[in-house]
Amino acid sequence: ETTVPVTGGHCKLQWKADWAMRWYALDVDYEMSGKDLMESVKLSGKICRILGGVPPKNLTYELFLDEKGEKISKSKGNGLSMEEWLKYAPAESLSLFMYQKPKTAKRLYFDVIPRATDEYLNFIGAYARQEDKDKFNNPVWHIHNGNPPKPETGLSFGILLNLVSVCHSDDPKVIWNYVSRYAPGATAEKCPTLARLIPYAVAYYNDFVKPSQKYRAPAGTETAALNDLKTALETMATDTSAEDIQTAVYEIGKKYYPDDLKGWFKVMYETLLGQSTGPRMGSFIALYGVKESVALIDDALNNRLAN
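Because the structure is a prediction, the values reported are computed rather than measured.

A. Looking closely at the pairing of strand β1 (residues 30–34). Where β1 meets strand β2 (residues 57–61), 5 bridges bridge the pair, whose relative direction is parallel. Residue pairing for β2: Tyr-30 is matched across the bridge by Lys-57.

Have a look at this one:
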């Protein structure tokens with residue numbers, strides 16, 4: 001038999017009472033918890049009041065769901081840990097994901113990581129254009145304690161992923177060669193946010209995009225449309241703007257897919273990038289290079305990409 005004091009951290013109560021005791025002992029004034037603990041919050045609050053304390057203000061947040069809309073569970077193993085998220089994107093993207101709509105159920109799985117990262121970059125870009133009174137409503141003001149970084153090249157995380165997928169290199173130096181051509185003067189020192197994103201893009205591509213990447217050969221109208229795109233690009237200067245390239249892409253789409261422009265973009269994604277979704281093609285072509293994009297289309301037309 002052993003005698004142990006109940007003070008000094010030597011004893012732990014059943015968790016509901018222990019939660020209330022910690023609130024009381026540590027004078028906790030704010031507590032966040034999931035909606036599955038609502039009844040525990042009420043009971044712990046009663047215990048805290050019996051002890052003479054004041055229960056903390058509580059924010060009840062919704063539960064996280066997997067890609068199927070089912071509750072994330074440790075026993076099922078369908079969750080996504082912070083460490084896993086931070087392998088593929090910066091901490092700020094996770095902060096934004098947590099910051100927005102805490103009382104709404106969120107689907108938390110690997111596919112949301114690129115989207116959350118691009119939303120973060122969009123908020124950074126918007127912050128620089130906002131009036132002072134509006135900046136307080138921008139999430140990045142809170143994420144960065146009132147001092148968010150300045151926007152850089154305007155490149156999205158999604159476009160970086162697609163660049164990695166077509167340049168066939170894991171070397172950040174190779175990626176920087178494309179970036180510096182798209183945004184002259186851009187360096188890792190001048191663009192620290194972008195410098196952090198490139199290794200994340202490589203890691204995400206290798207683990208999630210590459211295993212499911214599947215090119216298909218164009219057929220029929222698709223072949224004619226891609227040939228027109230190739231011809232249009234061949235007449236463009238290497239420094240043609242992303243906007244002008246996008247306009248040309250749209251014009252070809254209107255010619256061949258007047259009632260289904262989305263179908264035209266899906267053709268480009270599936271034949272040139274090996275996936276069903278993709279970036280804004282004007283920006284992607286400007287980043288990858290006009291000549292390089294002509295060669296990519298030529299490979300698709302000659303079935304050198306199909307697998």
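B. Focus on the packing of aromatic side chains. In this structure the tally under the stated criterion is 15 aromatic pairs. Ring geometry for Tyr-204 versus Phe-208: centroids 4.9 Å apart, planes at 40 degrees, classification tilted. Within this pair, Tyr-204 and its partner Phe-208 are both found in helix α10 (residues 192–209), separated by 4 residues, close to a single helical turn. By relative accessible area, which is 4% here, Tyr-204 ends up buried. What makes Phe-208 partly exposed here is its relative accessible area of 25%. The interplanar angle of 15 degrees and the centroid separation of 5.7 Å between the aromatic rings of Phe-284 and Tyr-288 together place this pair among those described as stacked. Within this pair, Phe-284 and its partner Tyr-288 are both found in helix α14 (residues 281–288), separated by 4 residues, close to a single helical turn. Each member of the pair, Phe-284 as well as Tyr-288, is classed as buried. The positively charged end of Lys-106 is found above the aromatic ring belonging to Phe-97, 5.0 Å away from the centroid. A cation over a ring is seen here: Lys-135 above Tyr-127, with NZ or CZ 4.8 Å from the ring centre.

C. Structural detail: the side chain of Ser-40. Looking at where Ser-40 falls in the secondary structure, it is placed in helix α2 (residues 38–50). Of the residues examined, Ser-40 reaches a relative accessible area of 6% and is grouped as buried.

D. View of the environment of Leu-65. In this fold, Leu-65 is placed in strand β3 (residues 64–65). Spatially, the C-alpha atoms of Leu-65 and Gln-213 are 26 Å apart, while their sequence positions differ by 148 residues. Once you skip the residues sitting within four places of it in the chain, Leu-65 turns out to touch Glu-70, Lys-71, Ile-72, Ala-105, Lys-106, Arg-107 and Leu-108.

E. Broad picture of the pattern of salt bridges. Enumeration over the complete set of coordinates arrives at 17 salt bridges. For Arg-196, the salt bridge goes to Glu-92, with nearest N and O atoms at 3.1 Å. Linking Arg-196 in helix α10 with Glu-92 in helix α4 (residues 91–99), this pair joins segments that are 104 residues apart in sequence. With a closest N to O distance of 2.7 Å, Glu-270 and Arg-216 form a salt bridge. Of this pair, Glu-270 sits in helix α13 (residues 261–273) while Arg-216 sits in the loop between α10 and α11 (221–234); the two residues are 54 residues apart in sequence, bridging distant segments of the chain. Within the structure, one salt-bridge network assembled from shared partners comprises Arg-216, Glu-222, Lys-266 and Glu-270.

F. Quick look at the packing of helix α5 (residues 112–129) against helix α8 (residues 157–167). Viewed as axis vectors pointing N to C, α5 and α8 meet at an angle of 125 degrees, and their least axial separation amounts to 8 Å. Considering their axes alone, α5 and α8 lie oblique with respect to each other. Residue-level inspection shows Pro-114, Thr-117, Asp-118 and Leu-121 of α5 in contact with α8, the latter providing Phe-157, Gly-158 and Leu-161. Looking at the contact of α5 with α8 residue by residue, the class counts come to 4 nonpolar, 2 polar and 1 charged.

G. Spatial organisation of the packing of α5 against α10. Relative orientation of the contacting elements α5 and α10 amounts to 165 degrees, with a least axis distance of 12 Å. If you check the angle between α5 and α10, you find them roughly antiparallel. For the pair α5 and α10, the crossing hand works out as left-handed. In contact with Ile-113, Pro-114, Thr-117 and Leu-121 of α5, α10 contributes Thr-193, Leu-197 and Tyr-204. For the contact of α5 with α10, the per-class residue count stands at 5 nonpolar, 2 polar and no charged.

H. Unusual backbone geometry, seen in detail. Residue Lys-101 is not a glycine yet carries a positive backbone phi of 45 degrees. In this fold, Lys-101 is placed in the loop between α4 and β4 (106–107). Non-glycine residue Asn-145 carries a positive phi angle of around 55 degrees. On the secondary structure map, Asn-145 appears in the loop between α7 (139–143) and α8.

I. How the structure looks around empty space enclosed by the protein. Inspection of every chain in the model, using the stated rule, returns 2 cavities of 30 Å³ or more. The space that makes up the largest cavity amounts to roughly 40 Å³. Taken together, the residues that form the lining of the largest cavity break down as 7 nonpolar, 1 polar and no charged. Space inside the second largest cavity adds up to approximately 30 Å³. Lining the second largest cavity, in full, are Pro-90, Glu-92, Tyr-120, Leu-121, Thr-193, Arg-196 and Leu-197. For the lining of the second largest cavity, the secondary-structure elements that each account for two or more residues are α5 and α10. Ranked by residues supplied to the lining of the second largest cavity, first place goes to α10 with 3 residues. In terms of residue class, the lining of the second largest cavity is built from 4 nonpolar, 1 polar and 2 charged.

Conventions and cut-offs
- Residues numbered from 1 in each chain as written.
- Predicted model: local features only at pLDDT ≥ 70, side-chain atom pairs only at ≥ 80, totals over all residues.
- Heavy atoms only, no water.
- Pairing = 2+ DSSP bridges.
- Helix = DSSP H or I, 4+ residues; strand = E, 2+ residues; numbered from the N terminus.
- Phe/Tyr/Trp six-rings, centres within 6.5 Å; stacked < 30°, edge-to-face > 60°.
- Buried < 20%, exposed > 50% of the residue type's maximum accessible area, 1.4 Å probe, protein only.
- Lys NZ or Arg CZ within 6 Å of the ring centre and 35° of its normal.
- Contact = heavy atoms within 4.5 Å.
- Salt bridge = Lys/Arg side-chain N within 4 Å of Asp/Glu carboxyl O.
- Axes fitted to C-alpha atoms, helices over the stretch in contact; angles between N-to-C directions.
- Parallel < 35°, antiparallel > 145°, perpendicular 65-115°, else oblique.
- Nonpolar A, V, L, I, M, F, W, Y, C, P; charged D, E, K, R; others polar.
- Left-handed = near helix turned anticlockwise from the far one by under 90°.
- 1 Å grid on protein atoms, 1.4 Å probe; cavity = no way out; pocket = protein on both sides within 12 Å on 5 of 7 lines; lining within 4 Å.
- Points joined across faces, edges and corners; volume = space filled by probe spheres on them.

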